[in-house]
Amino acid sequence: IYRLNLVAENQGEKIVSSYMPNPMADLILENVPELQNLCSFSWSEGTFNKEGDEINTYNVNTRAVDSTFTEIFTLKMKYGPEHPLKGQGKIILSESAAKRIYGDENPVGKTIFANFTKPYEISGVYYDQPENTTFRHEAFCSYPTDFWVYEWTEYSFNHYYLIAPGADFEQINEKIKQITSITEHMAENNDYKVNFS
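### Considerations on the sheet that holds strand E14 (residues 193-196)
Step number 1: Across the sheet, 3 strands lie side by side as E3-E2-E14; this open sheet has antiparallel pairing. Either end of the sheet is taken by a strand with one partner, and the two such strands are strand E3 (13-17) and E14. Each adjacent strand pair in this sheet contributes to an overall mean axis angle of 20 degrees, direction not counted.
Step number 2: In this sheet, E14 lies alongside strand E2 (residues 6-10) in antiparallel orientation, the contact comprising 4 bridges. Bridging from a neighbouring strand, Ala8 pairs with Val194 of E14.

### Describing the confidence of the model for the protein chain
In low-pLDDT regions, the fine details of the predicted coordinates are not to be read closely.
Step number 1: Predicted confidence across the protein chain gives a mean pLDDT of 92, with 98% of residues reaching 70 or more.
Step number 2: Summarising per-element confidence for the protein chain, the mean pLDDT is lowest in helix H5 (residues 180-189) (74) and highest in strand E9 (residues 90-94) (98).

### What about the packing of aromatic side chains?
Step number 1: In total, this model carries 16 aromatic pairs according to the counting rule given.
Step number 2: For the pair Trp43 and Trp148, a centre-to-centre distance of 5.5 Å together with 20 degrees between the ring planes defines the contact as stacked. A residue pair is termed long-range when its members are at least 10 positions apart, and Trp43 in the loop between strand E4 (35-42) and strand E5 (47-50) and Trp148 in the loop between strand E12 (139-142) and strand E13 (158-163) qualify at 105 residues.
Step number 3: Owing to a relative accessible area of 47%, Trp43 belongs among the partly exposed residues under this scheme.
Step number 4: Here Trp148 and Phe157 contribute two aromatic rings whose centre-to-centre distance is 5.8 Å and whose plane-to-plane angle is 25 degrees, an arrangement assigned as stacked.
Step number 5: Classification of Trp148 as buried rests on a relative accessible area of 15%.
Step number 6: Grouped by ring-pair contacts, the aromatic residues Phe41, Phe69, Phe73, Tyr126, Phe135, Phe140 and Tyr160 constitute a single cluster.
Step number 7: Cation over ring: Lys76 sits above Tyr127, and NZ or CZ is 5.4 Å from the ring centre.

The rules behind these values
Residues numbered from 1 in each chain as written. Predicted model: local features only at pLDDT ≥ 70, side-chain atom pairs only at ≥ 80, totals over all residues. Heavy atoms only, no water. Pairing = 2+ DSSP bridges. Helix = DSSP H or I, 4+ residues; strand = E, 2+ residues; numbered from the N terminus. Axes fitted to C-alpha atoms, helices over the stretch in contact; angles between N-to-C directions. pLDDT = per-residue confidence, 0-100. Phe/Tyr/Trp six-rings, centres within 6.5 Å; stacked < 30°, edge-to-face > 60°. Buried < 20%, exposed > 50% of the residue type's maximum accessible area, 1.4 Å probe, protein only. Lys NZ or Arg CZ within 6 Å of the ring centre and 35° of its normal.

Structural data, given as C-alpha cells:
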C-alpha cells in the first residue's frame, strides 16, 4: 500500500505534498495496470449529535474515505459487516467513540447527525487502532459528493494505492507522468513542474 505524493519544482524550489485533486485518482488507476485498487481520503465534519438530541454534541476526529477503505486497510470490526462503508451516508465509529456517545449500546443502525443537519447511518463499530497507526481517527464516513470533490483546483485529497507484487516503481511514476490529461490540468493551475512519487 503506497500513498501518492505530488512533487512540484519551480526555480530550484521543491515542494512535496500528499494533498492533490480528487479527479486525478481514478485517472491514474485506469491508466496504470500495476495499481490494483485505490482509496482516497477527504476531510469530514467533526461535530456530531445523536438523533433526537438537539443540545449535546460530540467532537469526533473523522475522515471521509472511499468505500474501498476496508478492502485495502485492515480494521477489526466489533459490530457490523466486514465492509461497512458501501453506499452513501454511512459512518463507522471506533469502539471508544461509540462508548463515549452511546455507552454500552450497540449503535449500528442508528442515525447520527453532522452539525445537526447531515445524517449518517452508523454501519459499524471497529476496535480501536493501535497507537502506531497512520490513521488515528475515531470515525470514518462515506466519501463526499459535493461539487468541490470534482474540481481540479481543490487540493484536499490523499490517494492510496494497492500495488501489484513486484511492480517497478520507476515505471509506475513514468506511466503517471505520461497521462496527458493529468499533466495538462496540473499545468493550468500552477507554474510548477509536476512529478509524482
